[in-house]
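So the chains spell out like this:
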Amino acid sequence: MKWEVVIGLETHAQLSTASKIFSGASTAFGAAPNTQAAAVDIALPGVLPVLNRGAVERAIRFGLAVGATINRRSVFARKNYFYPDLPKGYQISQYEIPVVVGGTIVIATPQGDKTVRLTRAHLEEDAGKSLHEDFHGMTGIDLNRAGTPLLEIVSEPDLASSDEAVAYAKTLHALVQWIGICDGNMQEGSFRCDANVSVRPAGETKLGTRCEIKNLNSFRFMQAAIEYEIHRQVALIEDGGRVVQETRLFDPDRNETRSMRSKEDAQDYRYFPDPDLPPLVIGDEWIERVRAALPELPRAMQQRYAADYALPASDAATLTASRGLAAYFEEVLRALGGGAANAKLAANWIQGDVAAALNRAEIGIEQAPVPAAALARLLSRIVDQTISGKIAKDVFDAAWAGEHGGDPDAIIAAKGLTQISDEDALGRIVDDVLAANAAMVAEFKAGKEKAFNALVGQAMKATRGKANPAQVNAILRRRLGG
Amino acid sequence: MLTGTLAELAAALQAGRISSVELTQGLLARIAAHNPALNAFVTVDEEGALAAARAADAARAAGTAGPLTGLPIAHKDVLMTAGLTTSCGSRMLARFTAPYDAHVVAGLKDAGTVLVGKTNMDEFAMGSSNETSFFGPVRNPWQHDHVPGGSSGGSAAAVAARLVPGATGTDTGGSIRQPASFTGICGLKPTYGVCSRYGLVAFASSLDQAGPFARTAEDCALLLNAMAGHDPRDSTSLERPAEDYTRDLARPLAGLRVGLPAEYFGAGVDAEVAAAIEAAIAELRRLGATAVDVRLPNARLAVPVYYVLAPAEASSNLSRFDGVRYGHRAEKYSDLLDMYKKSRAEGFGDEVKRRILVGTYVLSHGYYDAYYLKAQQVRHLIADDFRRAYASCDVILGPTAPTAAFRLGAKSDDPVEMYLNDIFTVAANLAGAPAMSIPCGFTRAGLPIGLQLQGDYFSEARLLNVAHQFQQATDWHRRAPTLASEASPPAPQEVAP
């Protein structure tokens, strides 16, 4: 039987506010346990939550970026349950009326663009952490994370494979960083996903019973967990079994999901509107202010790159993988004077040598030792034929290593890398090469075209790559009477 | 001298007839003498009080004294007081030292008042008789075998017994007004949002409001001046310009329209209480007021609505008392769940558990709509009743409670009977409107009777004005209970019917 996969994702994006959603404590990661927990975060008797407007503004920014509706009035509710790292005994979240409703995320698939619908996005606070190690049979509680602002982004079950789920998560991950609402750090838990997975016979319209896989904190784990879950469910049904609605946890060590709790164990959270917080009212003026400050979004940018510079879609997508990368590209291009040819040259370099160097150094474009202005100068030396593309790679490496202050022109001058374009000088070099390589000349004359390239290579070698390759070619042809 | 009102003592301090240290020492001695019988105080901070009194005297010498500087007061033990135990009348917090001051506590401290101690209360402010306290019941100073009312019974008894001239209370369903009524003093519950709830340990967040106890309306106004005001730490605190609540005290009552809802004068009201209220109305008429008939058709729903919403919020508010970070933790437990169960079973008393159970039930899946949501809808109807009524009157008058103080133990086995004592007070909390209770007579048995004045939002100054004018013409507020002498035990008084 052919099976169809249905996946919806719930993503928790930690909002990049300096302080918590309901207290003034810092949200910085990695501090000593309980040093960033204010009275509100440890839920002392008598304390009250005060909403951080920065968190609301980030939610609005997200809503506008995905074309959603911003609710002019939304409500904070209490989700009641007992857990040691939940100090109040309830989590403040939005339940019936969230701040953001609807919207879409467009993902690239092998079949082309696909629009994934969003259900909602709501504000809530994170819980603390239970520490089970180092306490000899006891549990430690760290409330530094308690009260950290989260935006929970819920998709419709529009994803049909683990590939699509990962594509969606990556697109969303890039978007929240692009609009500056989340640092996207998955190791620190700033961006984490739960996947709702079900399968059904192809053509069936009724949804199958779903399982929720919790806490997928890397794209690789997400792919593996969903794949495992799909195969588990299909095998179960094909063996005559039934999928039970439950929450499952992915175990990356064993590469499988296992049951955490079934629907029967599901708690009654006794949601009700939090009487400590009046409804969140957002005026049109606030929304317009946020809209005006919203950066150009990656999709619009990709379309512009294709239209203005005739860049292929794949180039446009890569260059807009992050706002930093796009800004780098645009700065290089602006310095080069724009134009489709320069755009392609810059795109190739950024996706090639720059990307490779960044990967090797494991740093982001913002930390690149060769800033956009320097790369632009380097590329303009290619354009004006001061150096060849090949030599440019050496200059780039030298600049990356910080030689001569990272200035390409200084490196070219100091290393004497300026391209040799003098016709007479090149003629003498070619003559020397011909004299020294009689065997190759003979081969060429016997009809071996490859020998010609070998001779060009000898000329380049003789000039340590500085010879203008086009001129060398032309002179050789003339000399060999080809 | 020691038993003067806040205003009288302020004048004495200002005139140099007494120092704050002398006054504080005198009242500490009164507390030492009478508290064993009354059980009104759970904490007395002699050292802190005398230090504050010395600072107050220094401020007066330096010419920086305000109207409340050097005046001793007490705080209900539900308000956080930095460095002092804040127990909420519960075993759960019996050894909990507050690390910060509540907003109203800080306001009164900044005004120069001298905090002498913390007063007993029903556990977590849940009760109408002060019998649910972990620290034992408070005795009514008028008759020790009677309750002082609740939940702010300790504050009311302390003020009535002249142990302090003023105190704070909190009122979620009548917890300031009913004890004021039972002990023959004044108590005001302000408009919701006038006094910040920051540092008030929450019972029912949408209903809780702190307010003053004193013997006169004027004193209540003085205290409220220091308690009210916007606080950015409480999102339900109202951003309004500061008011002087004494500004209208002297205003004549001519033209005052007094609303009399039939719902407050029907069956269930004790005849002596009804007679005292009628007499008070007659007095106000003499002072120039006119009586107007108004209707509060949903008044009878206030108690059922209240006893759905308040426990619902309480069940969630009290979840933080889990034994994990502070408060009572059971000594022996087998695992996490066992620790929760034992700590909470041991830490909370029966009434608190009852309300947590009720609240959990009404919020549960499948019952939420029928109870919680329905109650919220009726709450709006109750608020609408008041809005309509205030179109034709300035204040609404009636008894604060259907009876005078009852005997200790008389209702403690029947929660519903106990809850019905709140029948006239809970509506103001549901509507969020201000209300106060002032003494207006005594039963033949010698127990005080309270008159409740309710007003539209932000009408505190008007309520205080009406109360003050009434007190200029009457002397109910000047009557003091005869306290048992230091040596004699709290002998129950036999009262002839």
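Summary of the structure given here. (Residues numbered from 1 in each chain as written. Chains lettered and ligands numbered in written order. Predicted model: local features only at pLDDT ≥ 70, side-chain atom pairs only at ≥ 80, totals over all residues. Heavy atoms only, no water.)

Notes on the overall build of chain B
Thinking step 1. Helices and strands together make up the secondary structure of chain B, namely 15 helices and 11 strands.
Thinking step 2. For chain B, whose C-alpha radius of gyration is 21 Å, the value lies close to the compact-globule estimate of 23 Å for 497 residues.
Thinking step 3. Seen through its C-alpha atoms, chain B measures out along the principal axes to roughly 65 × 55 × 50 Å.
Thinking step 4. Taken across its 497 residues, chain B has 64% of its residues classed as buried.
Thinking step 5. Accessible area for chain B stands at about 17200 Å²; split by element, carbon and sulfur atoms hold 54% of it.
Thinking step 6. In chain B, 44 positive and 50 negative side-chain charges are present, and the distance between their average locations comes to 1 Å. (Helix = DSSP H or I, 4+ residues; strand = E, 2+ residues; numbered from the N terminus. Rg over C-alpha atoms; globule rule 2.2 N^0.38 Å. Buried < 20%, exposed > 50% of the residue type's maximum accessible area, 1.4 Å probe, protein only. Areas by Shrake-Rupley, 256 points an atom, 1.4 Å probe, with all protein chains shown as cover. Lys, Arg positive; Asp, Glu negative; His and termini not counted. Charge placed at Lys NZ, Arg CZ, Asp CG, Glu CD.)

With respect to the packing of helix 7 (residues 323–336) of chain A against helix 8 (residues 340–361) of chain A
To characterise two packed helices, one gives the angle between the axes of the helices and the distance between these axes.
Residues and elements named next belong to chain A.
Thinking step 1. Following both chains from N to C, one finds helix 7 and helix 8 inclined at 135°, their axes separated by 9 Å at the closest point. As summarised for this structure, helix 7 and helix 8 are arranged oblique, according to the angle between their axes. Note on packing geometry: the crossing formed by helix 7 with helix 8 is right-handed. Note on element contacts: helix 8 touches helix 7 through Asn342, Ala343, Ala346, Ala347, Ile350 and Val354, opposite Leu325, Tyr328, Phe329, Val332, Leu333 and Leu336. (Axes fitted to C-alpha atoms, helices over the stretch in contact; angles between N-to-C directions. Parallel < 35°, antiparallel > 145°, perpendicular 65-115°, else oblique. Left-handed = near helix turned anticlockwise from the far one by under 90°. Contact = heavy atoms within 4.5 Å.)

As for helix 11 (residues 408–415) of chain A
Residues and elements named next belong to chain A.
Thinking step 1. All of the buried residues in helix 11 are Pro408, Ile411 and Ile412. Across the axial projection of helix 11, the buried residues extend over an arc of 100°, all falling on one side.
Thinking step 2. Buried residues along helix 11 sit in contact with helix 9 (372–383) and helix 10 (389–400).
Thinking step 3. The backbone nitrogen of Asp409 lies 3.2 Å from a side-chain oxygen of the residue at the head of helix 11, namely Asp407.
Thinking step 4. Two residues or fewer past helix 11, Gly416 is found with a positive phi of approximately 60°. (Arc of directions from axis to C-beta. Polar contact = N/O pair within 3.5 Å; in protein donor to acceptor, adjacent residues only side chain to side chain.)

Quick word on the environment of Arg72(A)
Residues and elements named next belong to chain A.
Thinking step 1. Looking at the secondary structure, you find Arg72 in the loop between strand 2 (69–70) and strand 3 (73–74).
Thinking step 2. The class of Arg72 is partly exposed, set by a relative accessible area of 41%.
Thinking step 3. Along the sequence, Arg72 and Val332 sit 260 residues apart, while their C-alpha atoms lie 42 Å from each other.
Thinking step 4. Residues contacting Arg72, with those up to four places away along its chain left out, are Leu280, Val281, Ile282, Asp284 and Ile287.
Thinking step 5. Among the polar contacts made by the side chain of Arg72, one reaches the main-chain carbonyl oxygen of Ile70 at a distance of 2.8 Å.

A short note on the pairing of strand 11 (residues 149–155) of chain A
Residue and element names in this part refer to chain A.
Thinking step 1. Of all seven residues making up strand 11, seven are buried, and the element is well covered by its neighbours.
Thinking step 2. When strand 1 (residues 3–14) meets strand 11, the two strands line up antiparallel, connected through five bridges. In the sheet register, Glu10 faces strand 11, and the bridge partner there is Val154. (Pairing = 2+ DSSP bridges.)

A closer look at helix 4 (residues 284–293) of chain A
All names here are of chain A.
Thinking step 1. Buried within helix 4 are the following residues: Trp286, Ile287 and Val290. Each buried residue of helix 4 sits inside an arc of 100° when the element is viewed along its axis, so together they form one side. Residues of helix 4 that are exposed and point over 90 degrees away from its buried face: Glu285 and Ala292.
Thinking step 2. The secondary structure elements touched by the buried residues of helix 4 are helix 1 (53–65) and strand 2.

Observations concerning the interface of chain B and chain A
Thinking step 1. On the side of chain A, 29 residues touch chain B, which itself brings 39 residues to the contact.
Thinking step 2. A salt bridge links Arg197(B) to Asp276(A), with the nearest nitrogen and oxygen atoms 3.1 Å apart.
Thinking step 3. Applying the counting rule to chain B against chain A returns 18 residue pairs in polar contact (both at pLDDT 80 or more).
Thinking step 4. Contributions of two or more residues to the side of chain B that touches chain A are made by helix 9 (302–317), helix 10 (336–347) and helix 11 (350–363) of chain B. (Salt bridge = Lys/Arg side-chain N within 4 Å of Asp/Glu carboxyl O.)

Digging into the sheet that holds strand 1 (residues 41–44) of chain B
All names here are of chain B.
Thinking step 1. The strand order across the open sheet formed by 11 strands is 1-3-2-4-6-5-10-11-9-7-8, and the pairing between neighbours is mixed. Looking at which strands have only one partner, the edges of the open sheet turn out to be strand 1 and strand 8 (290–294). Direction aside, neighbouring strands of the sheet carry axes that sit 30° apart on average.
Thinking step 2. By the bridge criterion, two bridges tie strand 2 (residues 72–76) to strand 4 (residues 166–170) in an arrangement that is parallel. Residue Ile73 lies in a different strand from strand 4, and its bridge partner there is Gly166.
Thinking step 3. Across the face of the sheet, helix 7 (residues 217–227) comes into contact with strand 2, strand 4, strand 5 (186–189) and strand 6 (210–214) while running at roughly 145° to strand 6.

What about the packing of aromatic side chains?
Thinking step 1. In total, this model carries 31 aromatic pairs over all chains according to the counting rule given.
Thinking step 2. With 6.3 Å between their ring centres and 75° between their planes, Tyr309(A) and Phe329(A) make a pair best called edge-to-face. Of this pair, Tyr309(A) sits in helix 5 (residues 298–309) while Phe329(A) is found in helix 7, placing the two residues 20 residues apart along the sequence.
Thinking step 3. Relative accessible area serves as the criterion here: at 18%, Tyr309(A) is assigned to the buried category.
Thinking step 4. With centroids separated by 6.5 Å and ring planes inclined at 90°, the aromatic side chains of Phe321(B) and Phe348(B) adopt a geometry described as edge-to-face. Placement of the pair is Phe321(B) in the loop between helix 9 and helix 10 and Phe348(B) in the loop between helix 10 and helix 11, with a sequence separation of 27 residues.
Thinking step 5. For Phe321(B), a relative accessible area of 1% puts it in the buried group.
Thinking step 6. Judged by relative accessible area, Phe348(B) falls into the buried class, the value being 4%.
Thinking step 7. One aromatic cluster is present, formed by Phe96(B), Phe124(B), Phe321(B), Tyr326(B) and Phe348(B) through successive ring pairs.
Thinking step 8. Positioned over the ring face of Phe452(A) is Arg477(A), at 3.6 Å from the centre of the ring. (Phe/Tyr/Trp six-rings, centres within 6.5 Å; stacked < 30°, edge-to-face > 60°. Lys NZ or Arg CZ within 6 Å of the ring centre and 35° of its normal.)

Looking at the state of the cysteines
Residues and elements named next belong to chain B.
Thinking step 1. One pass over the full model with this rule turns up zero disulfides over all chains.
Thinking step 2. Among the cysteines around Cys88, which has no disulfide bond, Cys195 carries the closest sulfur, lying 18 Å off.
Thinking step 3. Owing to a relative accessible area of 0%, Cys88 belongs among the buried residues under this scheme.
Thinking step 4. Free cysteine: Cys195, not disulfide-bonded; nearest cysteine sulfur from Cys220 at 12 Å.
Thinking step 5. By relative accessible area, Cys195 is classed as buried at 1%. (Disulfide = S-S within 2.5 Å.)

Focus: unusual backbone geometry
Thinking step 1. The residue after Gly150(B), namely Ser151(B), is reached through a cis peptide bond having omega 10°.
Thinking step 2. Summarising the element assignment, Ser151(B) is placed in the loop between strand 3 (114–119) and helix 5 (153–160).
Thinking step 3. In this model, Ala43(A) sits at a positive phi of 55°, which is unusual for a non-glycine residue.
Thinking step 4. Positionally, Ala43(A) belongs in the loop between strand 1 and helix 1.
Thinking step 5. Take Ala43(A): its relative accessible area is 0%, and that puts it in the buried class.
Thinking step 6. A positive phi angle, close to 50°, is found at Phe124(B), a residue other than glycine.
Thinking step 7. Relative to the elements of secondary structure, Phe124(B) occurs in the loop between strand 3 and helix 5.

On their own, these measurements won't tell you what the molecule is for.
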